Amino acid sequence: MSRLIVASNRTATPGEERAGGLAVALGEALAERGGVWFGWSGEIVPRETRGIRLFVEGNTDFALADLTAAEHQGYYLDYANRALWPVFHYRVDLAVFDDEAFESYAAVNRRFGRLLYQLMRPEDIVWVHDFHFLLLGDELRDNGWRGAIGFFLHVPFPAPEVFAALPHHHRLARGMAAFDLLGFQTARDVGNFIRYMVEEHGAERLEDGRIRVFHRVIRAQAFPIGIDPDEVARMAESEEARAAANRLGRMIENRALVIGVDRMDYSKGLPQRLQAFGRLLDDNENLRGRVNLVQIAPPSRESVEAYMDLREELDRLAGRVNGDYSDLDWTPIRYLARSYSREVLAGLFRLARVGLVTPLHDGMNLVAKEYVAAQDPEDPGVLVLSEFAGAAERMETALLVNPHDVGGMADAIRRALEMPREERVERWKALMDEVRDHDIAVWRQSFLSTLEGLAGERG
Ligand code: ADP
(Lines give C-alpha, C1' and ligand atoms only; values in the text may rest on other atoms or scores of the structure.)
Protein backbone atom coordinates (compact mmCIF):
# COMPACT_ATOMS: atom_id res chain seq x y z
CA MET A 1 0.00 0.00 0.00
CA SER A 2 1.41 3.38 -0.93
CA ARG A 3 2.19 5.95 1.74
CA LEU A 4 -0.42 8.60 2.41
CA ILE A 5 0.33 12.32 2.54
CA VAL A 6 -2.37 14.43 4.20
CA ALA A 7 -2.29 18.21 4.07
CA SER A 8 -4.74 20.25 6.12
CA ASN A 9 -4.47 23.69 7.65
CA ARG A 10 -4.61 22.26 11.17
CA THR A 11 -3.40 18.77 11.97
CA ALA A 12 -4.34 16.62 14.91
CA THR A 13 -1.03 16.55 16.70
CA PRO A 14 -1.11 13.98 19.50
CA GLY A 15 -2.50 15.37 22.71
CA GLU A 16 -4.40 18.13 20.96
CA GLU A 17 -7.60 18.75 22.86
CA ARG A 18 -10.30 18.81 20.22
CA ALA A 19 -9.56 15.60 18.37
CA GLY A 20 -12.84 15.38 16.47
CA GLY A 21 -14.05 12.56 14.25
CA LEU A 22 -12.24 13.84 11.20
CA ALA A 23 -8.91 13.97 13.01
CA VAL A 24 -9.43 10.42 14.22
CA ALA A 25 -10.39 9.16 10.75
CA LEU A 26 -7.37 10.71 9.06
CA GLY A 27 -5.12 9.63 11.92
CA GLU A 28 -6.29 6.05 11.45
CA ALA A 29 -5.70 6.16 7.69
CA LEU A 30 -2.18 7.43 8.33
CA ALA A 31 -1.50 4.87 11.04
CA GLU A 32 -2.65 2.08 8.72
CA ARG A 33 -0.56 3.05 5.72
CA GLY A 34 2.15 5.14 7.22
CA GLY A 35 2.63 8.64 5.95
CA VAL A 36 2.98 12.32 6.57
CA TRP A 37 0.50 14.79 8.04
CA PHE A 38 1.41 18.27 6.96
CA GLY A 39 -0.07 21.55 8.14
CA TRP A 40 0.24 24.75 10.10
CA SER A 41 1.73 24.31 13.56
CA GLY A 42 -0.67 26.83 15.06
CA GLU A 43 2.37 28.98 15.92
CA ILE A 44 2.73 32.57 14.81
CA VAL A 45 6.30 33.76 14.58
CA PRO A 46 7.62 37.24 13.96
CA ARG A 47 9.71 36.39 10.89
CA GLU A 48 9.48 33.57 8.42
CA THR A 49 11.09 30.47 9.84
CA ARG A 50 12.08 28.65 6.72
CA GLY A 51 12.13 25.20 8.14
CA ILE A 52 9.54 22.76 9.18
CA ARG A 53 9.14 20.95 12.48
CA LEU A 54 9.13 17.20 12.14
CA PHE A 55 8.23 14.61 14.67
CA VAL A 56 7.22 11.01 14.49
CA GLU A 57 4.25 9.41 16.21
CA GLY A 58 3.91 5.70 15.46
CA ASN A 59 3.53 5.35 11.72
CA THR A 60 2.96 9.03 11.08
CA ASP A 61 5.42 11.83 10.49
CA PHE A 62 3.96 15.16 11.51
CA ALA A 63 5.39 18.03 9.51
CA LEU A 64 4.42 21.42 10.88
CA ALA A 65 5.18 24.82 9.46
CA ASP A 66 4.79 28.10 11.33
CA LEU A 67 3.12 31.20 9.92
CA THR A 68 4.59 34.65 10.24
CA ALA A 69 2.36 37.30 11.77
CA ALA A 70 1.87 38.80 8.31
CA GLU A 71 0.95 35.43 6.79
CA HIS A 72 -1.45 34.67 9.61
CA GLN A 73 -3.18 37.96 8.96
CA GLY A 74 -3.20 37.76 5.15
CA TYR A 75 -3.55 34.07 4.33
CA TYR A 76 -5.59 32.92 7.30
CA LEU A 77 -7.65 35.76 8.78
CA ASP A 78 -8.12 38.01 5.76
CA TYR A 79 -8.34 35.58 2.87
CA ALA A 80 -9.42 32.16 4.17
CA ASN A 81 -11.74 33.48 6.89
CA ARG A 82 -12.90 36.81 5.51
CA ALA A 83 -13.14 36.09 1.79
CA LEU A 84 -13.36 32.34 1.14
CA TRP A 85 -15.45 31.27 4.15
CA PRO A 86 -18.26 33.78 3.53
CA VAL A 87 -18.31 33.20 -0.25
CA PHE A 88 -18.43 29.41 0.12
CA HIS A 89 -21.35 29.95 2.51
CA TYR A 90 -23.21 32.34 0.16
CA ARG A 91 -22.43 35.44 2.20
CA VAL A 92 -20.85 37.60 -0.48
CA ASP A 93 -22.25 40.56 1.48
CA LEU A 94 -19.91 39.77 4.37
CA ALA A 95 -16.85 39.00 2.27
CA VAL A 96 -13.93 41.41 2.17
CA PHE A 97 -11.87 41.20 -1.01
CA ASP A 98 -8.36 42.44 -0.75
CA ASP A 99 -5.61 41.82 -3.31
CA GLU A 100 -2.89 41.79 -0.71
CA ALA A 101 -4.73 39.13 1.27
CA PHE A 102 -5.02 37.01 -1.86
CA GLU A 103 -1.32 37.41 -2.58
CA SER A 104 -0.53 36.27 0.94
CA TYR A 105 -2.83 33.24 0.50
CA ALA A 106 -1.11 32.34 -2.78
CA ALA A 107 2.33 32.84 -1.24
CA VAL A 108 1.59 30.58 1.74
CA ASN A 109 0.26 27.89 -0.61
CA ARG A 110 3.48 28.29 -2.63
CA ARG A 111 5.76 28.10 0.40
CA PHE A 112 3.83 25.16 1.88
CA GLY A 113 3.85 23.39 -1.50
CA ARG A 114 7.63 23.67 -1.62
CA LEU A 115 8.03 22.41 1.93
CA LEU A 116 5.67 19.51 1.42
CA TYR A 117 7.18 18.48 -1.91
CA GLN A 118 10.53 17.93 -0.22
CA LEU A 119 8.92 15.27 1.99
CA MET A 120 7.21 13.36 -0.79
CA ARG A 121 8.28 10.17 -2.55
CA PRO A 122 7.19 9.22 -6.07
CA GLU A 123 4.82 6.42 -5.06
CA ASP A 124 2.94 8.42 -2.38
CA ILE A 125 -0.70 9.31 -2.65
CA VAL A 126 -1.67 12.81 -1.62
CA TRP A 127 -4.88 14.07 -0.01
CA VAL A 128 -5.32 17.82 0.44
CA HIS A 129 -8.10 19.22 2.63
CA ASP A 130 -10.32 22.23 2.43
CA PHE A 131 -10.44 25.82 1.29
CA HIS A 132 -7.15 26.88 2.87
CA PHE A 133 -5.22 24.92 0.27
CA LEU A 134 -7.02 25.43 -3.03
CA LEU A 135 -3.69 26.26 -4.70
CA LEU A 136 -1.55 23.61 -3.04
CA GLY A 137 -2.00 21.01 -5.80
CA ASP A 138 -0.89 23.50 -8.42
CA GLU A 139 2.20 24.32 -6.36
CA LEU A 140 3.08 20.65 -6.00
CA ARG A 141 2.79 20.29 -9.78
CA ASP A 142 5.05 23.33 -10.28
CA ASN A 143 7.62 21.67 -8.08
CA GLY A 144 7.52 18.63 -10.36
CA TRP A 145 4.99 16.30 -8.68
CA ARG A 146 3.46 13.99 -11.28
CA GLY A 147 1.47 11.58 -9.13
CA ALA A 148 -2.24 11.69 -8.26
CA ILE A 149 -3.55 14.34 -5.87
CA GLY A 150 -6.93 14.19 -4.17
CA PHE A 151 -8.74 17.12 -2.62
CA PHE A 152 -11.74 17.27 -0.31
CA LEU A 153 -13.81 20.40 0.24
CA HIS A 154 -15.44 20.33 3.67
CA VAL A 155 -17.59 23.42 3.06
CA PRO A 156 -20.27 23.84 0.38
CA PHE A 157 -19.32 24.73 -3.18
CA PRO A 158 -21.73 27.59 -3.96
CA ALA A 159 -23.70 28.36 -7.11
CA PRO A 160 -21.36 29.36 -9.99
CA GLU A 161 -22.20 33.06 -9.95
CA VAL A 162 -21.47 33.23 -6.22
CA PHE A 163 -18.05 31.63 -6.59
CA ALA A 164 -17.38 33.90 -9.57
CA ALA A 165 -17.81 36.89 -7.25
CA LEU A 166 -14.31 36.17 -5.91
CA PRO A 167 -12.03 38.56 -7.78
CA HIS A 168 -9.37 35.85 -8.09
CA HIS A 169 -11.68 32.97 -8.92
CA HIS A 170 -9.86 32.29 -12.20
CA ARG A 171 -6.63 31.62 -10.40
CA LEU A 172 -8.41 29.47 -7.81
CA ALA A 173 -10.15 27.46 -10.52
CA ARG A 174 -6.87 26.75 -12.26
CA GLY A 175 -5.49 25.66 -8.91
CA MET A 176 -8.40 23.31 -8.34
CA ALA A 177 -7.90 21.74 -11.76
CA ALA A 178 -4.46 20.56 -10.63
CA PHE A 179 -6.14 17.92 -8.47
CA ASP A 180 -7.15 14.61 -10.04
CA LEU A 181 -10.06 13.87 -7.73
CA LEU A 182 -12.16 16.59 -6.10
CA GLY A 183 -14.41 15.33 -3.34
CA PHE A 184 -17.45 17.29 -2.19
CA GLN A 185 -20.02 16.71 0.54
CA THR A 186 -23.09 16.47 -1.70
CA ALA A 187 -24.30 15.97 -5.24
CA ARG A 188 -25.45 19.60 -5.15
CA ASP A 189 -21.86 20.76 -4.54
CA VAL A 190 -20.56 18.56 -7.36
CA GLY A 191 -23.22 19.96 -9.69
CA ASN A 192 -22.31 23.55 -8.74
CA PHE A 193 -18.60 22.93 -9.26
CA ILE A 194 -19.05 21.30 -12.67
CA ARG A 195 -21.48 23.97 -13.79
CA TYR A 196 -18.99 26.62 -12.70
CA MET A 197 -16.16 24.96 -14.64
CA VAL A 198 -18.37 24.60 -17.73
CA GLU A 199 -19.85 28.10 -17.66
CA GLU A 200 -16.76 30.06 -16.65
CA HIS A 201 -13.93 28.03 -18.12
CA GLY A 202 -15.48 26.05 -20.97
CA ALA A 203 -14.98 22.66 -19.33
CA GLU A 204 -15.99 19.70 -21.44
CA ARG A 205 -18.05 16.91 -19.84
CA LEU A 206 -16.63 13.48 -20.68
CA GLU A 207 -18.61 10.26 -20.94
CA ASP A 208 -17.20 8.69 -17.80
CA GLY A 209 -18.37 11.62 -15.66
CA ARG A 210 -15.03 13.39 -15.62
CA ILE A 211 -14.46 16.84 -17.06
CA ARG A 212 -11.67 18.26 -19.17
CA VAL A 213 -10.62 21.75 -18.20
CA PHE A 214 -7.36 23.78 -18.27
CA HIS A 215 -5.83 20.92 -20.34
CA ARG A 216 -6.42 18.41 -17.55
CA VAL A 217 -8.96 15.65 -16.97
CA ILE A 218 -10.39 15.68 -13.45
CA ARG A 219 -13.11 13.91 -11.53
CA ALA A 220 -15.56 15.61 -9.15
CA GLN A 221 -17.58 13.31 -6.91
CA ALA A 222 -19.62 13.41 -3.71
CA PHE A 223 -18.27 11.70 -0.59
CA PRO A 224 -20.62 12.63 2.27
CA ILE A 225 -18.62 12.83 5.47
CA GLY A 226 -19.88 11.05 8.57
CA ILE A 227 -19.24 10.28 12.22
CA ASP A 228 -18.53 7.15 14.24
CA PRO A 229 -22.11 6.40 15.37
CA ASP A 230 -21.15 3.64 17.81
CA GLU A 231 -18.74 5.94 19.57
CA VAL A 232 -21.38 8.66 19.92
CA ALA A 233 -23.93 6.13 21.20
CA ARG A 234 -21.40 4.94 23.78
CA MET A 235 -20.63 8.50 24.82
CA ALA A 236 -24.35 9.24 25.21
CA GLU A 237 -24.56 6.47 27.81
CA SER A 238 -21.35 7.35 29.64
CA GLU A 239 -21.26 8.50 33.26
CA GLU A 240 -20.30 12.00 32.22
CA ALA A 241 -23.24 12.15 29.81
CA ARG A 242 -25.71 10.94 32.44
CA ALA A 243 -24.41 13.39 35.01
CA ALA A 244 -24.80 16.28 32.57
CA ALA A 245 -28.30 15.16 31.55
CA ASN A 246 -29.26 14.92 35.23
CA ARG A 247 -28.00 18.39 35.98
CA LEU A 248 -29.89 19.93 33.10
CA GLY A 249 -32.88 17.68 33.78
CA ARG A 250 -33.17 19.08 37.31
CA MET A 251 -33.23 22.57 35.92
CA ILE A 252 -35.84 22.04 33.21
CA GLU A 253 -37.84 19.58 35.33
CA ASN A 254 -40.36 17.74 33.17
CA ARG A 255 -40.41 20.29 30.38
CA ALA A 256 -39.50 19.27 26.83
CA LEU A 257 -35.97 20.16 25.80
CA VAL A 258 -35.15 21.61 22.40
CA ILE A 259 -31.40 21.76 21.78
CA GLY A 260 -29.07 23.55 19.41
CA VAL A 261 -25.28 23.07 19.38
CA ASP A 262 -23.13 25.09 17.01
CA ARG A 263 -19.97 27.07 16.71
CA MET A 264 -21.10 30.65 16.84
CA ASP A 265 -20.94 31.44 13.16
CA TYR A 266 -23.14 33.47 10.84
CA SER A 267 -23.62 30.40 8.63
CA LYS A 268 -25.49 28.57 11.38
CA GLY A 269 -28.77 30.53 11.22
CA LEU A 270 -28.79 31.28 14.93
CA PRO A 271 -30.81 34.52 14.87
CA GLN A 272 -33.54 32.91 12.78
CA ARG A 273 -33.55 29.94 15.14
CA LEU A 274 -34.07 32.10 18.23
CA GLN A 275 -36.79 34.01 16.37
CA ALA A 276 -38.49 30.73 15.46
CA PHE A 277 -38.53 29.68 19.08
CA GLY A 278 -39.98 33.08 20.00
CA ARG A 279 -42.63 32.61 17.33
CA LEU A 280 -43.46 29.17 18.71
CA LEU A 281 -44.25 30.74 22.06
CA ASP A 282 -46.08 33.70 20.48
CA ASP A 283 -48.39 31.35 18.58
CA ASN A 284 -48.86 28.51 21.07
CA GLU A 285 -50.00 29.64 24.45
CA ASN A 286 -50.24 26.03 25.61
CA LEU A 287 -46.47 25.60 25.18
CA ARG A 288 -45.52 28.51 27.43
CA GLY A 289 -43.92 27.17 30.57
CA ARG A 290 -43.63 23.72 29.02
CA VAL A 291 -40.64 23.83 26.72
CA ASN A 292 -37.02 25.00 26.94
CA LEU A 293 -34.54 25.90 24.25
CA VAL A 294 -30.92 25.33 25.23
CA GLN A 295 -28.59 26.81 22.64
CA ILE A 296 -24.90 26.06 23.07
CA ALA A 297 -22.72 28.29 20.90
CA PRO A 298 -19.18 29.13 21.92
CA PRO A 299 -17.76 32.25 20.30
CA SER A 300 -15.35 31.65 17.46
CA ARG A 301 -13.00 33.99 15.61
CA GLU A 302 -13.91 36.92 17.85
CA SER A 303 -11.53 39.18 16.05
CA VAL A 304 -13.73 39.29 12.98
CA GLU A 305 -16.30 42.03 13.16
CA ALA A 306 -19.17 39.98 11.75
CA TYR A 307 -18.88 37.62 14.70
CA MET A 308 -19.08 40.38 17.24
CA ASP A 309 -22.23 41.69 15.56
CA LEU A 310 -23.70 38.19 15.65
CA ARG A 311 -22.98 37.83 19.35
CA GLU A 312 -24.77 41.08 20.08
CA GLU A 313 -27.74 40.11 17.95
CA LEU A 314 -28.12 36.76 19.72
CA ASP A 315 -27.97 38.39 23.14
CA ARG A 316 -30.67 40.81 22.05
CA LEU A 317 -32.95 38.13 20.56
CA ALA A 318 -32.69 35.78 23.53
CA GLY A 319 -33.29 38.77 25.81
CA ARG A 320 -36.45 39.66 23.89
CA VAL A 321 -38.00 36.19 24.20
CA ASN A 322 -36.91 35.72 27.79
CA GLY A 323 -38.16 39.20 28.69
CA ASP A 324 -41.56 38.50 27.14
CA TYR A 325 -42.15 35.04 28.54
CA SER A 326 -39.97 34.19 31.57
CA ASP A 327 -41.79 33.39 34.76
CA LEU A 328 -40.63 32.90 38.34
CA ASP A 329 -39.73 29.29 37.68
CA TRP A 330 -39.10 29.25 33.93
CA THR A 331 -36.71 30.90 31.48
CA PRO A 332 -37.54 29.81 27.92
CA ILE A 333 -34.12 30.25 26.28
CA ARG A 334 -30.85 29.31 27.90
CA TYR A 335 -28.02 30.49 25.79
CA LEU A 336 -24.64 29.05 26.76
CA ALA A 337 -21.71 30.73 25.03
CA ARG A 338 -19.17 28.04 25.82
CA SER A 339 -18.08 24.63 24.65
CA TYR A 340 -18.61 21.26 26.32
CA SER A 341 -16.96 17.87 26.07
CA ARG A 342 -18.28 15.45 23.46
CA GLU A 343 -19.66 13.22 26.24
CA VAL A 344 -21.64 16.07 27.79
CA LEU A 345 -23.02 17.05 24.39
CA ALA A 346 -24.03 13.47 23.66
CA GLY A 347 -25.84 13.30 27.01
CA LEU A 348 -27.73 16.50 26.26
CA PHE A 349 -28.61 15.31 22.74
CA ARG A 350 -30.12 12.19 24.24
CA LEU A 351 -32.16 14.17 26.71
CA ALA A 352 -33.51 16.54 24.05
CA ARG A 353 -36.90 15.84 22.49
CA VAL A 354 -35.96 18.04 19.53
CA GLY A 355 -32.58 18.65 17.86
CA LEU A 356 -32.56 21.97 16.02
CA VAL A 357 -29.99 22.03 13.24
CA THR A 358 -30.89 24.95 11.01
CA PRO A 359 -27.81 26.41 9.29
CA LEU A 360 -28.37 28.80 6.38
CA HIS A 361 -25.67 26.80 4.59
CA ASP A 362 -23.42 24.05 5.78
CA GLY A 363 -21.07 21.60 4.05
CA MET A 364 -22.48 18.60 5.91
CA ASN A 365 -23.22 19.42 9.57
CA LEU A 366 -22.05 16.70 11.87
CA VAL A 367 -24.18 17.86 14.78
CA ALA A 368 -27.21 16.52 12.88
CA LYS A 369 -25.62 13.08 12.71
CA GLU A 370 -24.40 13.19 16.31
CA TYR A 371 -27.88 14.10 17.52
CA VAL A 372 -29.33 11.07 15.74
CA ALA A 373 -26.62 8.68 16.96
CA ALA A 374 -27.08 9.79 20.59
CA GLN A 375 -30.82 8.98 20.77
CA ASP A 376 -32.46 6.27 22.83
CA PRO A 377 -33.75 3.84 20.15
CA GLU A 378 -36.88 3.14 22.19
CA ASP A 379 -37.79 6.79 22.65
CA PRO A 380 -35.88 8.94 20.18
CA GLY A 381 -36.13 12.67 19.70
CA VAL A 382 -36.90 14.45 16.43
CA LEU A 383 -34.34 16.12 14.18
CA VAL A 384 -35.41 19.44 12.68
CA LEU A 385 -32.95 19.99 9.85
CA SER A 386 -32.21 22.79 7.41
CA GLU A 387 -32.66 21.84 3.79
CA PHE A 388 -29.41 23.75 3.13
CA ALA A 389 -27.25 21.55 5.34
CA GLY A 390 -25.39 18.96 3.26
CA ALA A 391 -26.81 16.36 5.67
CA ALA A 392 -30.34 17.03 4.35
CA GLU A 393 -29.53 15.44 0.99
CA ARG A 394 -29.74 12.00 2.57
CA MET A 395 -31.65 12.56 5.80
CA GLU A 396 -35.10 12.97 4.35
CA THR A 397 -37.01 11.64 7.34
CA ALA A 398 -35.88 14.54 9.48
CA LEU A 399 -38.35 17.42 9.57
CA LEU A 400 -36.77 19.49 6.81
CA VAL A 401 -37.13 23.25 7.10
CA ASN A 402 -36.16 26.39 5.26
CA PRO A 403 -33.89 28.14 7.81
CA HIS A 404 -35.00 31.57 6.55
CA ASP A 405 -38.65 30.78 7.19
CA VAL A 406 -39.20 31.61 10.85
CA GLY A 407 -42.89 30.63 10.79
CA GLY A 408 -42.15 27.33 9.07
CA MET A 409 -39.51 26.49 11.65
CA ALA A 410 -41.86 27.33 14.52
CA ASP A 411 -44.41 24.94 12.98
CA ALA A 412 -41.79 22.20 12.61
CA ILE A 413 -40.75 22.51 16.26
CA ARG A 414 -44.38 22.26 17.33
CA ARG A 415 -44.88 19.23 15.12
CA ALA A 416 -41.77 17.62 16.56
CA LEU A 417 -42.98 18.24 20.12
CA GLU A 418 -46.33 16.66 19.34
CA MET A 419 -45.06 13.71 17.31
CA PRO A 420 -46.24 10.31 18.59
CA ARG A 421 -43.63 7.78 19.59
CA GLU A 422 -44.21 5.34 16.71
CA GLU A 423 -43.59 8.05 14.16
CA ARG A 424 -40.50 9.22 16.01
CA VAL A 425 -39.10 5.70 16.08
CA GLU A 426 -39.83 5.13 12.41
CA ARG A 427 -38.20 8.37 11.31
CA TRP A 428 -35.24 7.87 13.61
CA LYS A 429 -34.56 4.36 12.30
CA ALA A 430 -34.28 5.62 8.74
CA LEU A 431 -31.97 8.43 9.86
CA MET A 432 -29.81 6.06 11.87
CA ASP A 433 -29.48 3.71 8.87
CA GLU A 434 -28.15 6.62 6.85
CA VAL A 435 -25.74 7.69 9.61
CA ARG A 436 -24.42 4.13 9.69
CA ASP A 437 -24.29 3.67 5.90
CA HIS A 438 -22.18 6.82 5.53
CA ASP A 439 -20.00 6.76 8.59
CA ILE A 440 -16.54 8.26 8.80
CA ALA A 441 -14.77 5.01 7.89
CA VAL A 442 -16.81 4.62 4.70
CA TRP A 443 -16.03 8.23 3.83
CA ARG A 444 -12.28 7.87 3.99
CA GLN A 445 -12.15 4.40 2.45
CA SER A 446 -14.30 5.35 -0.50
CA PHE A 447 -12.34 8.54 -1.13
CA LEU A 448 -8.99 6.80 -0.91
CA SER A 449 -9.97 3.83 -3.06
CA THR A 450 -11.35 6.16 -5.75
CA LEU A 451 -8.13 8.18 -5.62
CA GLU A 452 -6.01 5.06 -5.82
CA GLY A 453 -8.02 3.91 -8.83
CA LEU A 454 -7.21 7.19 -10.57
CA ALA A 455 -3.58 6.95 -9.50
CA GLY A 456 -3.44 3.45 -11.03
CA GLU A 457 -4.76 4.81 -14.32
CA ARG A 458 -2.08 7.50 -14.35
CA GLY A 459 0.43 4.68 -14.06
P1 ADP B 1 -18.56 23.07 11.73
O2 ADP B 1 -17.47 22.18 11.20
O3 ADP B 1 -19.01 24.14 10.80
O4 ADP B 1 -18.30 23.61 13.09
P5 ADP B 1 -20.11 20.60 12.11
O6 ADP B 1 -21.47 20.45 12.69
O7 ADP B 1 -19.87 19.82 10.88
O8 ADP B 1 -19.86 22.14 11.90
O9 ADP B 1 -19.01 20.10 13.16
C10 ADP B 1 -18.94 20.68 14.43
C11 ADP B 1 -18.29 19.72 15.43
O12 ADP B 1 -17.93 20.48 16.58
C13 ADP B 1 -19.24 18.63 15.89
O14 ADP B 1 -18.53 17.43 16.10
C15 ADP B 1 -19.79 19.19 17.20
O16 ADP B 1 -20.14 18.20 18.15
C17 ADP B 1 -18.66 20.04 17.71
N18 ADP B 1 -19.21 21.22 18.40
C19 ADP B 1 -20.02 22.14 17.88
N20 ADP B 1 -20.39 23.05 18.82
C21 ADP B 1 -19.78 22.67 19.94
C22 ADP B 1 -19.77 23.18 21.28
N23 ADP B 1 -20.49 24.23 21.62
N24 ADP B 1 -19.00 22.53 22.19
C25 ADP B 1 -18.29 21.45 21.85
N26 ADP B 1 -18.29 20.92 20.62
C27 ADP B 1 -19.01 21.52 19.68
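Residues numbered from 1 in each chain as written. Predicted model: local features only at pLDDT ≥ 70, side-chain atom pairs only at ≥ 80, totals over all residues. Heavy atoms only, no water.

Quick notes on the layout of surface pockets
Its volume calculated, the second largest pocket comes out at about 280 Å³. When grouped by side-chain class, the residues that make up the lining of the second largest pocket number 7 nonpolar, no polar and 3 charged. (1 Å grid on protein atoms, 1.4 Å probe; cavity = no way out; pocket = protein on both sides within 12 Å on 5 of 7 lines; lining within 4 Å. Points joined across faces, edges and corners; volume = space filled by probe spheres on them. Nonpolar A, V, L, I, M, F, W, Y, C, P; charged D, E, K, R; others polar.)

Description of the sheet that holds strand β10 (residues 216-222)
An order of β3-β4-β2-β1-β5-β6-β7-β10-β9-β8 is seen for the 10 strands of this open sheet, with the pairing classed as mixed. Unpaired on one side and paired on the other, β3 (53-57) and β8 (204-205) mark the two borders of the sheet. In this structure, strand β1 (residues 4-10) lies alongside strand β2 (residues 35-45), joined through 5 bridges in parallel fashion. Residue pairing for β2: Val6 is matched across the bridge by Trp37. Helix α7 (residues 187-201) rests against β7 (181-184), β8, β9 (211-213) and β10 of the sheet, and its axis sits at about 155° to β10. (Pairing = 2+ DSSP bridges. Helix = DSSP H or I, 4+ residues; strand = E, 2+ residues; numbered from the N terminus. Contact = heavy atoms within 4.5 Å. Axes fitted to C-alpha atoms, helices over the stretch in contact; angles between N-to-C directions.)

Let's talk about the pairing of strand β6 (residues 149-152)
Residues Ile149 and Phe151 of β6 are buried on one face, and the alternating residues Gly150 and Phe152, pointing to the opposite face, are buried as well. In this sheet, β6 lies alongside strand β5 (residues 125-129) in parallel orientation, the contact comprising 4 bridges. Considered in β6, the bridge of His129 is made with Phe152. Sheet topology note: the β6/β7 ladder contains 3 bridges and is parallel. Residue Phe152 lies in a different strand from β7, and its bridge partner there is Gly183. (Buried < 20%, exposed > 50% of the residue type's maximum accessible area, 1.4 Å probe, protein only.)

A closer look at the sheet that holds strand β13 (residues 333-336)
Pairing within the open sheet is parallel, and its 6 strands lie in the order β13-β12-β11-β14-β15-β16. Only two strands of the sheet have a single neighbouring strand rather than two, namely β13 and β16 (399-401). On average, each strand axis in the sheet is inclined to that of its neighbour by 20°, with strand direction left out of account. Pairing of strand β15 (residues 382-386) with β16, which is carried by 3 bridges, proceeds in the parallel orientation. The partner of Ser386 across the bridge, within β16, is Val401. Here helix α13 (residues 366-373) sits on the sheet and contacts β11 (256-261), β14 (354-357) and β15; the angle it forms with β15, its principal contact strand, is near 170°.

Description of the site of the ligand
As a structural note, the neighbourhood of the ligand is formed by 15 residues, with Arg263, Lys268, Pro298, Leu366 and Glu370 the closest of them. A distance of 2.9 Å is found between an oxygen atom of the ligand and a side-chain nitrogen or oxygen belonging to Lys268. Separating an oxygen atom of the ligand from a side-chain N or O atom of Glu370 is a distance of 2.6 Å. Relative to its unbound accessible surface of 560 Å², the ligand loses 82% to contact with the protein. Ranked by residues supplied to the shell around the ligand, first place goes to α13 with 3 residues. Classifying every residue of the shell around the ligand gives 7 nonpolar, 2 polar and 6 charged. (Near = heavy atom within 4 Å. Polar contact = N/O pair within 3.5 Å; in protein donor to acceptor, adjacent residues only side chain to side chain. Areas by Shrake-Rupley, 256 points an atom, 1.4 Å probe, with all protein chains shown as cover.)

Quick notes on the pattern of salt bridges
Going through the model one piece at a time under the given rule, you end up with 33 salt bridges. Glu28 is the salt-bridge partner of Arg444, the closest N and O atoms lying 3.3 Å from each other. Linking Arg444 in helix α16 (residues 440-458) with Glu28 in helix α1 (residues 21-33), this pair joins segments that are 416 residues apart in sequence. Put simply, Asp138 and Arg171 hold a salt bridge, and the shortest N to O gap is 3.4 Å. Taken together, the positions of Asp138 in helix α4 (residues 136-143) and Arg171 in helix α6 (residues 169-176) put the pair 33 residues apart, joining distant regions of the chain. (Salt bridge = Lys/Arg side-chain N within 4 Å of Asp/Glu carboxyl O.)

What to know about the domain arrangement of the protein
The domain boundaries assigned to the protein delineate domain 1 (4-226 + 440-458) and domain 2 (229-437). With centres defined by C-alpha atoms, the gap from domain 1 to domain 2 works out at 31 Å. Roughly 1,800 Å² is buried in total at the junction of domain 1 and domain 2, and carbon and sulfur atoms are behind 59% of that figure. Taken together, domain 1 and domain 2 are joined by 0 salt bridges. Run the count over domain 1 and domain 2 and you get 5 residue pairs in polar contact (both at pLDDT 80 or more). Counting only elements with at least two residues in the side of domain 1 that touches domain 2, the list comes to α2 (69-88) and α7. (Domains from an automatic or database assignment. Buried area = accessible area lost by both parts, 1.4 Å probe.)

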